[in-house]
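Structural overview
Letter by letter, the chains look like this.
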Amino acid sequence: MLHVDNIEVVYSKMILVLKGMSLQVPDGKIVALLGSNGAGKSTTLKAISGLLGGDGGQVTKGKIVYEEKDITAWSPDKIVQQGVFQSMEGRRVFKHLTVEENLMAGAHSRKDRRNIKKDMERVYHYFPKLKDLNSRHAGLLSGGEQQMLAIGRGIMAKPKMLLLDEPSLGIAPLLVKEIFKNIKQINEEEGMSILVVEQNANVALSIADYGYIIEDGRSVMEAPVSELLTNQEVQEHYLGMS
Ligand code: ATP
(Lines give C-alpha, C1' and ligand atoms only; values in the text may rest on other atoms or scores of the structure.)
Protein backbone atom coordinates (compact mmCIF):
# COMPACT_ATOMS: atom_id res chain seq x y z
CA MET A 1 0.00 0.00 0.00
CA LEU A 2 1.15 3.50 -0.85
CA HIS A 3 0.14 6.46 1.31
CA VAL A 4 0.79 10.01 0.22
CA ASP A 5 0.03 11.98 3.32
CA ASN A 6 -0.66 15.70 3.10
CA ILE A 7 2.44 16.64 1.12
CA GLU A 8 3.59 20.06 0.09
CA VAL A 9 5.98 20.46 -2.82
CA VAL A 10 7.95 23.60 -3.55
CA TYR A 11 9.90 24.31 -6.76
CA SER A 12 12.99 26.53 -6.74
CA LYS A 13 12.54 27.06 -2.99
CA MET A 14 9.60 29.42 -3.59
CA ILE A 15 6.82 28.13 -5.84
CA LEU A 16 4.33 26.14 -3.80
CA VAL A 17 2.70 23.62 -6.15
CA LEU A 18 1.31 20.83 -3.99
CA LYS A 19 -0.62 22.24 -1.05
CA GLY A 20 -1.49 19.25 1.10
CA MET A 21 -1.95 16.45 -1.43
CA SER A 22 -3.01 13.05 -0.13
CA LEU A 23 -3.84 9.79 -1.86
CA GLN A 24 -3.62 6.06 -1.37
CA VAL A 25 -2.96 3.17 -3.69
CA PRO A 26 -3.91 -0.23 -2.24
CA ASP A 27 -1.95 -3.28 -3.44
CA GLY A 28 -3.15 -4.69 -6.74
CA LYS A 29 -5.45 -1.78 -7.58
CA ILE A 30 -5.50 0.76 -10.39
CA VAL A 31 -5.89 4.32 -9.16
CA ALA A 32 -6.43 7.25 -11.55
CA LEU A 33 -5.29 10.77 -10.75
CA LEU A 34 -7.27 13.26 -12.83
CA GLY A 35 -7.17 17.02 -13.10
CA SER A 36 -6.65 19.89 -15.45
CA ASN A 37 -3.40 21.32 -16.78
CA GLY A 38 -1.03 22.45 -14.10
CA ALA A 39 -3.08 21.04 -11.21
CA GLY A 40 -0.07 19.10 -9.91
CA LYS A 41 -0.54 15.58 -11.26
CA SER A 42 2.98 15.08 -12.62
CA THR A 43 4.44 16.70 -9.54
CA THR A 44 2.62 14.17 -7.35
CA LEU A 45 4.08 11.27 -9.34
CA LYS A 46 7.58 12.71 -9.25
CA ALA A 47 7.33 13.24 -5.51
CA ILE A 48 6.49 9.54 -5.09
CA SER A 49 9.26 8.27 -7.38
CA GLY A 50 11.88 10.62 -5.97
CA LEU A 51 12.37 12.43 -9.29
CA LEU A 52 11.53 15.95 -8.11
CA GLY A 53 15.12 16.86 -7.33
CA GLY A 54 16.09 16.98 -11.01
CA ASP A 55 13.43 19.67 -11.51
CA GLY A 56 14.46 21.73 -8.53
CA GLY A 57 11.48 20.50 -6.52
CA GLN A 58 11.30 19.35 -2.92
CA VAL A 59 8.76 17.84 -0.57
CA THR A 60 8.68 20.36 2.27
CA LYS A 61 5.82 18.94 4.35
CA GLY A 62 3.94 15.67 4.82
CA LYS A 63 5.23 12.20 4.01
CA ILE A 64 5.11 9.37 1.51
CA VAL A 65 4.92 5.88 2.96
CA TYR A 66 5.23 2.67 0.96
CA GLU A 67 4.90 -0.71 2.65
CA GLU A 68 5.25 0.99 6.00
CA LYS A 69 8.55 2.65 5.06
CA ASP A 70 8.83 6.40 4.93
CA ILE A 71 10.30 6.89 1.43
CA THR A 72 9.87 10.68 1.30
CA ALA A 73 13.56 11.51 1.24
CA TRP A 74 14.78 8.41 -0.57
CA SER A 75 16.78 8.50 -3.81
CA PRO A 76 15.04 7.43 -7.03
CA ASP A 77 17.23 4.29 -7.21
CA LYS A 78 16.33 3.22 -3.71
CA ILE A 79 12.63 3.75 -4.44
CA VAL A 80 12.93 1.53 -7.54
CA GLN A 81 14.68 -1.12 -5.43
CA GLN A 82 11.72 -0.98 -3.07
CA GLY A 83 9.43 -1.78 -6.01
CA VAL A 84 8.00 1.55 -7.15
CA PHE A 85 8.81 2.45 -10.74
CA GLN A 86 7.77 5.50 -12.74
CA SER A 87 7.52 4.77 -16.42
CA MET A 88 8.91 7.70 -18.36
CA GLU A 89 6.90 9.25 -21.14
CA GLY A 90 7.13 7.37 -24.45
CA ARG A 91 9.24 10.13 -25.92
CA ARG A 92 11.92 9.52 -23.31
CA VAL A 93 12.97 6.08 -24.61
CA PHE A 94 16.56 5.77 -25.83
CA LYS A 95 16.10 6.64 -29.50
CA HIS A 96 19.41 5.25 -30.75
CA LEU A 97 18.99 1.90 -29.06
CA THR A 98 16.83 -0.90 -30.43
CA VAL A 99 13.58 -1.95 -28.80
CA GLU A 100 15.31 -4.94 -27.23
CA GLU A 101 18.22 -2.85 -25.94
CA ASN A 102 15.74 -0.41 -24.39
CA LEU A 103 14.04 -3.28 -22.60
CA MET A 104 17.40 -4.57 -21.34
CA ALA A 105 18.14 -1.09 -20.03
CA GLY A 106 14.87 -1.21 -18.07
CA ALA A 107 16.22 -4.19 -16.16
CA HIS A 108 19.50 -2.55 -15.16
CA SER A 109 18.72 -2.18 -11.49
CA ARG A 110 17.56 -5.76 -11.02
CA LYS A 111 19.54 -8.34 -9.16
CA ASP A 112 17.90 -11.48 -10.64
CA ARG A 113 19.48 -11.16 -14.07
CA ARG A 114 18.78 -14.82 -14.98
CA ASN A 115 15.09 -14.12 -15.55
CA ILE A 116 15.55 -11.17 -17.85
CA LYS A 117 14.97 -13.10 -21.09
CA LYS A 118 11.80 -14.57 -19.65
CA ASP A 119 10.55 -11.17 -18.66
CA MET A 120 11.24 -9.81 -22.10
CA GLU A 121 8.87 -12.49 -23.38
CA ARG A 122 6.30 -11.24 -20.87
CA VAL A 123 6.62 -7.74 -22.32
CA TYR A 124 6.10 -9.20 -25.82
CA HIS A 125 3.06 -11.07 -24.53
CA TYR A 126 1.46 -7.77 -23.48
CA PHE A 127 2.73 -5.83 -26.48
CA PRO A 128 3.09 -8.23 -29.43
CA LYS A 129 3.87 -5.27 -31.68
CA LEU A 130 7.12 -4.76 -29.83
CA LYS A 131 8.23 -8.29 -30.63
CA ASP A 132 7.86 -7.63 -34.35
CA LEU A 133 9.85 -4.42 -33.92
CA ASN A 134 12.48 -5.76 -31.52
CA SER A 135 15.55 -4.91 -33.61
CA ARG A 136 14.32 -1.51 -34.74
CA HIS A 137 15.73 1.70 -33.32
CA ALA A 138 13.27 3.18 -30.83
CA GLY A 139 13.49 6.57 -32.55
CA LEU A 140 11.79 5.06 -35.60
CA LEU A 141 8.72 3.85 -33.71
CA SER A 142 5.40 5.71 -33.72
CA GLY A 143 4.38 7.67 -30.64
CA GLY A 144 2.09 4.87 -29.52
CA GLU A 145 4.75 2.21 -30.00
CA GLN A 146 7.24 4.31 -28.03
CA GLN A 147 4.67 4.56 -25.25
CA MET A 148 4.31 0.76 -25.26
CA LEU A 149 8.09 0.49 -25.06
CA ALA A 150 8.21 2.89 -22.13
CA ILE A 151 5.66 0.78 -20.25
CA GLY A 152 7.51 -2.38 -21.31
CA ARG A 153 10.66 -0.97 -19.76
CA GLY A 154 8.70 -0.51 -16.57
CA ILE A 155 7.71 -4.18 -16.60
CA MET A 156 11.37 -5.15 -17.04
CA ALA A 157 12.17 -3.41 -13.77
CA LYS A 158 9.72 -5.86 -12.10
CA PRO A 159 8.09 -3.29 -9.87
CA LYS A 160 5.26 -3.94 -7.47
CA MET A 161 3.84 -0.54 -8.31
CA LEU A 162 3.95 1.22 -11.66
CA LEU A 163 3.44 4.98 -11.97
CA LEU A 164 2.29 6.16 -15.39
CA ASP A 165 2.28 9.81 -16.47
CA GLU A 166 -0.27 10.45 -19.23
CA PRO A 167 0.14 7.30 -21.30
CA SER A 168 -2.42 8.66 -23.79
CA LEU A 169 -0.49 11.85 -24.58
CA GLY A 170 -0.13 12.46 -28.32
CA ILE A 171 -1.37 9.03 -29.32
CA ALA A 172 -4.08 8.13 -31.83
CA PRO A 173 -7.39 7.24 -30.10
CA LEU A 174 -7.44 3.63 -31.29
CA LEU A 175 -3.98 2.99 -29.96
CA VAL A 176 -4.89 4.69 -26.68
CA LYS A 177 -7.64 2.14 -26.15
CA GLU A 178 -5.23 -0.68 -26.91
CA ILE A 179 -2.59 0.63 -24.51
CA PHE A 180 -5.11 0.99 -21.68
CA LYS A 181 -6.37 -2.53 -22.32
CA ASN A 182 -2.77 -3.69 -22.01
CA ILE A 183 -2.33 -1.75 -18.77
CA LYS A 184 -5.40 -3.45 -17.30
CA GLN A 185 -4.09 -6.84 -18.40
CA ILE A 186 -0.71 -6.17 -16.76
CA ASN A 187 -2.50 -5.23 -13.54
CA GLU A 188 -4.63 -8.37 -13.59
CA GLU A 189 -1.95 -10.86 -14.59
CA GLU A 190 0.98 -9.44 -12.60
CA GLY A 191 -1.01 -8.12 -9.64
CA MET A 192 0.91 -4.87 -10.14
CA SER A 193 -0.62 -1.77 -8.53
CA ILE A 194 -0.87 1.13 -10.93
CA LEU A 195 -1.18 4.84 -10.33
CA VAL A 196 -2.04 6.53 -13.60
CA VAL A 197 -2.12 10.28 -14.23
CA GLU A 198 -4.37 11.28 -17.10
CA GLN A 199 -6.01 14.27 -18.75
CA ASN A 200 -8.13 11.80 -20.71
CA ALA A 201 -10.48 10.95 -17.84
CA ASN A 202 -12.74 8.74 -19.94
CA VAL A 203 -10.05 6.27 -20.80
CA ALA A 204 -8.44 6.32 -17.35
CA LEU A 205 -11.72 5.64 -15.59
CA SER A 206 -12.46 2.81 -18.01
CA ILE A 207 -9.76 0.71 -16.31
CA ALA A 208 -9.33 2.20 -12.82
CA ASP A 209 -10.83 1.00 -9.54
CA TYR A 210 -10.64 4.31 -7.73
CA GLY A 211 -10.05 7.92 -8.73
CA TYR A 212 -8.84 11.20 -7.30
CA ILE A 213 -9.40 14.63 -8.72
CA ILE A 214 -6.69 17.17 -8.06
CA GLU A 215 -7.18 20.90 -8.30
CA ASP A 216 -4.63 23.55 -7.43
CA GLY A 217 -2.32 21.18 -5.61
CA ARG A 218 -4.73 19.17 -3.51
CA SER A 219 -7.24 16.40 -3.89
CA VAL A 220 -10.78 17.80 -4.07
CA MET A 221 -12.67 14.59 -4.71
CA GLU A 222 -12.03 10.88 -4.35
CA ALA A 223 -14.33 7.95 -4.92
CA PRO A 224 -14.66 4.50 -6.45
CA VAL A 225 -14.85 4.82 -10.23
CA SER A 226 -18.51 3.77 -10.36
CA GLU A 227 -19.34 6.84 -8.24
CA LEU A 228 -17.16 9.22 -10.20
CA LEU A 229 -18.76 8.13 -13.46
CA THR A 230 -22.23 9.06 -12.21
CA ASN A 231 -21.21 12.29 -10.47
CA GLN A 232 -22.62 15.26 -12.35
CA GLU A 233 -19.69 17.57 -11.68
CA VAL A 234 -17.22 14.96 -12.87
CA GLN A 235 -19.31 14.31 -15.95
CA GLU A 236 -19.43 18.00 -16.84
CA HIS A 237 -15.86 18.99 -16.06
CA TYR A 238 -13.85 15.88 -16.79
CA LEU A 239 -15.84 13.51 -18.98
CA GLY A 240 -17.03 16.09 -21.47
CA MET A 241 -20.73 15.44 -20.86
CA SER A 242 -23.23 18.17 -20.17
P1 ATP B 1 0.12 18.94 -16.93
O2 ATP B 1 -0.87 17.95 -17.33
O3 ATP B 1 -0.02 20.25 -17.67
O4 ATP B 1 1.54 18.43 -16.89
P5 ATP B 1 0.03 18.62 -14.10
O6 ATP B 1 -1.23 18.52 -13.34
O7 ATP B 1 0.81 17.37 -14.31
O8 ATP B 1 -0.26 19.35 -15.45
P9 ATP B 1 2.43 19.65 -12.95
O10 ATP B 1 3.28 19.35 -14.11
O11 ATP B 1 2.57 18.84 -11.74
O12 ATP B 1 0.90 19.70 -13.36
O13 ATP B 1 2.68 21.20 -12.59
C14 ATP B 1 2.01 21.84 -11.53
C15 ATP B 1 2.48 23.30 -11.45
O16 ATP B 1 3.87 23.32 -11.10
C17 ATP B 1 2.35 24.09 -12.72
O18 ATP B 1 1.91 25.38 -12.41
C19 ATP B 1 3.74 24.12 -13.29
O20 ATP B 1 3.96 25.27 -14.04
C21 ATP B 1 4.59 24.11 -12.03
N22 ATP B 1 5.89 23.46 -12.25
C23 ATP B 1 6.11 22.21 -12.73
N24 ATP B 1 7.43 21.94 -12.79
C25 ATP B 1 8.07 23.04 -12.34
C26 ATP B 1 9.44 23.40 -12.16
N27 ATP B 1 10.42 22.55 -12.44
N28 ATP B 1 9.71 24.62 -11.69
C29 ATP B 1 8.71 25.50 -11.38
N30 ATP B 1 7.41 25.23 -11.52
C31 ATP B 1 7.08 24.02 -12.00
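If you're wondering where the values come from, they're calculated on a predicted model, not measured in any experiment.

Definitions and limits used
Residues numbered from 1 in each chain as written. Predicted model: local features only at pLDDT ≥ 70, side-chain atom pairs only at ≥ 80, totals over all residues. Heavy atoms only, no water. Helix = DSSP H or I, 4+ residues; strand = E, 2+ residues; numbered from the N terminus. Rg over C-alpha atoms; globule rule 2.2 N^0.38 Å. Buried < 20%, exposed > 50% of the residue type's maximum accessible area, 1.4 Å probe, protein only. Contact = heavy atoms within 4.5 Å. Areas by Shrake-Rupley, 256 points an atom, 1.4 Å probe, with all protein chains shown as cover. Lys, Arg positive; Asp, Glu negative; His and termini not counted. Charge placed at Lys NZ, Arg CZ, Asp CG, Glu CD. Pairing = 2+ DSSP bridges. Right-handed = clockwise from strand over helix to strand, strands pointing away. Near = heavy atom within 4 Å. Polar contact = N/O pair within 3.5 Å; in protein donor to acceptor, adjacent residues only side chain to side chain. Nonpolar A, V, L, I, M, F, W, Y, C, P; charged D, E, K, R; others polar. Axes fitted to C-alpha atoms, helices over the stretch in contact; angles between N-to-C directions. Salt bridge = Lys/Arg side-chain N within 4 Å of Asp/Glu carboxyl O. Phe/Tyr/Trp six-rings, centres within 6.5 Å; stacked < 30°, edge-to-face > 60°. Lys NZ or Arg CZ within 6 Å of the ring centre and 35° of its normal.

This part takes up the overall build of the protein. Secondary structure summary: the protein contains ten helices and ten strands in total. Relative to the compact-globule value of 18 Å for 242 residues, the protein shows a C-alpha radius of gyration of 17 Å, a close match. Taking the principal axes of its C-alpha atoms as reference, the protein extends roughly 45 × 40 × 30 Å. Residue burial in the protein is summarised as follows: out of 242 residues, 49% are buried. Nonlocal contacts in the protein, meaning residues at least 24 apart in sequence, comprise 69% of its contacts between residues at least 6 apart. Taken as a whole, the protein presents about 11400 Å² of accessible surface, with 50% of it coming from carbon and sulfur. The protein carries 29 positive and 30 negative side-chain charges, and their two centres are separated by 6 Å.

What follows concerns the pairing of strand β8 (residues 193-198). In terms of burial, β8 is a largely internal element, six of the six residues being buried. Burial of the side chains of β8 extends over both faces: S193, L195 and V197 are buried on one face and I194, V196 and E198 on the other. Summarising the sheet, strand β7 (residues 161-165) and β8 pair through five bridges and their orientation is parallel. Bridge assignment links L163 to a residue of β8, and that residue is L195. Handedness of the crossover is the feature at issue here: the chain leaves β7, passes through helix α7 (residues 173-190), returns alongside β8, and the resulting connection is right-handed.

For the ligand, the set of nearby residues contains 14 residues, the closest of which are N37, G38, K41, S42 and T43. Residue N37 places a side-chain N or O atom 2.6 Å away from an oxygen atom belonging to the ligand. Contacts to the ligand include S42, whose side-chain N or O atom sits 2.7 Å from an oxygen atom. Protein burial of the ligand: of its 630 Å² of free accessible surface, 65% is covered by the chains. Of all the elements, helix α1 (residues 41-49) adds the most residues to the shell around the ligand, at three residues. In terms of residue class, the shell around the ligand is made up of four nonpolar, seven polar and three charged.

With that out of the way, let us pick up the sheet that holds β8. Here six strands make up an open sheet; going across it, the order is β6-β7-β8-β3-β9-β10 and the pairing mixed. Two strands lie at the open edges of the sheet, namely β6 (84-87) and β10 (218-224), each paired on one side alone. Going from strand to strand, the sheet's axes swing by 20 degrees on average, the running direction of each strand aside. Sheet topology places strand β3 (residues 30-34) next to β8; five bridges connect them, and they run parallel. The residue bridging I30 from the neighbouring strand is I194, located in β8.

Let's shift gears to the pattern of salt bridges. Here the structure, examined in full by the defined rule, presents nine salt bridges. The shortest N-O distance in the salt bridge between R122 and E190 comes to 2.3 Å. One end of the pair, R122, is in helix α4 (residues 116-126); the other, E190, is in helix α7, and 68 residues separate them in sequence. Judged by relative accessible area, which is 29%, E190 ranks as partly exposed. Residues K129 and E178 are paired through a salt bridge, measuring 3.3 Å at the closest nitrogen-oxygen approach. Residue K129 is located in helix α5 (residues 128-132), and its partner E178 is located in helix α7; the two are separated by 49 residues in the primary sequence. Look at K129 and you get partly exposed, because its relative accessible area is 32%. Owing to a relative accessible area of 27%, E178 belongs among the partly exposed residues under this scheme.

Another aspect to go through is the packing of aromatic side chains. Under the definition given, this model contains one aromatic pair. Sitting over the face of the ring of W74, K78 holds its NZ or CZ atom 4.0 Å from the ring centroid. Just above the ring of F94 sits the side chain of R153; from NZ or CZ to the centre is 5.0 Å.

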